[in-house]
Structures are given as structure tokens and as C-alpha cells.
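So you can see what is in the structure, the chains are spelled out below.
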Amino acid sequence: MSFFSGSQLTDPASSFYSAFNGGLSGLSSGFVIEDFENNATLSGQFEDGEEINGSTNDGEIASSINTSVGSFTTRGGTGSGTTCTRFDRGGNGCDNIALQQSPGVNGQGNIFPFDGEWALNTADTSGLIWNVALAGGQLFESVIFALRDPADAGQRMLSIMADGQTFSTGRLDNETLTLVQIIFGSPRSSATIEIATSTNDAFTFDGAVVGLAPVPLPAAGWMLLAGMGGLVLMRRRAKAAATA
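Residues numbered from 1 in each chain as written. Predicted model: local features only at pLDDT ≥ 70, side-chain atom pairs only at ≥ 80, totals over all residues. Heavy atoms only, no water.

Asker: Which parts of the structure should I look at to understand the nonpolar core?
Answerer: Taken as a class, soluble globular proteins show a tendency for nonpolar side chains to be buried jointly. F72, W130, F145, I160, I193, I195 and F205 are the most contacted members of the largest nonpolar core, which has 37 residues in total. Of all the secondary-structure elements, those providing two or more residues to this core are β7 (118–121), β8 (127–132), β9 (140–148), β10 (158–162), β12 (177–188), β13 (191–196) and β14 (204–212). Setting aside its immediate chain neighbours within four residues, I193 contacts L128, I129, W130, V132, V143, F145, I160, M161, A162, I182 and F184. One finds L24, L27, I111 and V209 within the second-largest nonpolar core, a separate group that totals twelve residues. (Core = buried A, V, L, I, M, F, W, Y, C linked by side-chain atoms within 4.5 Å. Buried < 20%, exposed > 50% of the residue type's maximum accessible area, 1.4 Å probe, protein only. Helix = DSSP H or I, 4+ residues; strand = E, 2+ residues; numbered from the N terminus. Contact = heavy atoms within 4.5 Å.)

Asker: Sorry, what's going on with unusual backbone geometry here?
Answerer: Glycine aside, residues mostly have negative phi, and peptide bonds are mostly found in the trans state. Cis geometry is adopted by the peptide bond preceding P103, which originates at S102 and carries an omega value of 10°. Secondary-structure assignment places P103 in the loop between β6 (98–101) and β7. Looking along the chain, the bond that leaves F112 and enters P113 is cis, with omega of -5°. Tracing the backbone through its elements, the reader meets P113 in the loop between β6 and β7. Even without a glycine there, the phi angle at R156 is positive, about 55°.

As far as function goes, none of this settles anything; it's purely spatial.
What follows is the structure in C-alpha cells.
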């Protein structure tokens, strides 16, 4: 598995979107993207019991949020900062992530698409866990995602963990956009990605891309191609014999 990151860009934003689109263009077998803009692709409940699907509100979620690219939940910890205050529906601090609608808060907000309004926010908890999975168990081999405003408060650290490997960085400037690509060593139907900061160091997560694995040609297909090749060879020999 390989980590490619580190596109930590503060200005101009156009450089970030150019890098993001460049990552998408390299996914030759196709991809699935979740930008949290269409709540018809989302399911779960907010902290106060309201269903996410069909709601036009934002706020802290109750357990996990299910999407077209898998599910998301918190790493743990209880947030008590001003970002939490924005999303806390229960008045008891934030112990889970939130679905966020623009306008942003404390430098956190929508990332993708450029003119979008929605993203996930860690709500001052210690980060999030992405359990990657596609409909029907479809195989994938890479992921791309974007973060806004991590590692600028608290312990000022960011760690991204997957398959026993870790990518880490120290303090980042306020509102920094970080682009991450993880390439797995082999096709898979599931993966767990953990993105860690300290509590009260909220960040937004957006543009979750899952790069599909190439679909292998069935064995019967290879046999058919081999048979066609043999047929062409036989025809050429027969033609050569007739003209000899």
C-alpha cells in the first residue's frame, strides 16, 4: 500500500482543485465519489433522532452515517470547542462527527465540488473512521479524499492510518487543504481508514473517491479469444495451401 499526500495547499484554491481533478483522471477503471451534496445517498440519524435522509438540516450524528462509499463515524473523544457548539444538538458536547452545511465555521467547510455546500465535520472529536465499501461488494484498489483545516489546534498533529501503515504530519496553517491518495497493494471489497487529530481540532472531510479495480476478463473470454486466434491461423494456412 502506498500513501500519496501531502498536497497541503493554502492558496490558490485552483491549485488544489487541479491536483484533485488530476487524481481523478488517473483512475482509468472508473470511480465512485461521495460529496455529501445529495442526501438521498445518505442514511442514519442525527443526535436528536431526526433522519438524515430527506433532511435539509445539519448537525451531529447519532452513530454513523452511511453513504455510497461506505460508512463514517468518530474515532472517539468528546469535543467542547466552538465548532462543536455549532453542531451539538443534545447540549452535552460532541461525541460524534457531524454533517455540515455551508457557511463554514472556524475555517472548516465544503471542499468538493467547488460550489458545493456539504461536507463531514469531526465536530471537535478526535477524528473519524471511514469503513470503505461499495454496493454489491464491488472491488476497489485506491481512495482519494480531501481535508480542510486539520492540525492547527490542540496537539497540532494529523495521522492517517490504513492497513497497518501511517502517514503523519505536524502543525498545518489555518484552513489548509490536504489532498490524500491511498493506493492499496491489491483489489479489495473493504478497507478501514482512520484519520486522527486531537480533540478540539476539528476539520472537514469531503470528496471521498473510491477508485475501482479493473474487471478481469472471464476465463471463457480468454478461451474465446484464443479460439478466434486459432481460427484465423487455420484460415491463413488453408489459403496458403490453396495458392501453392
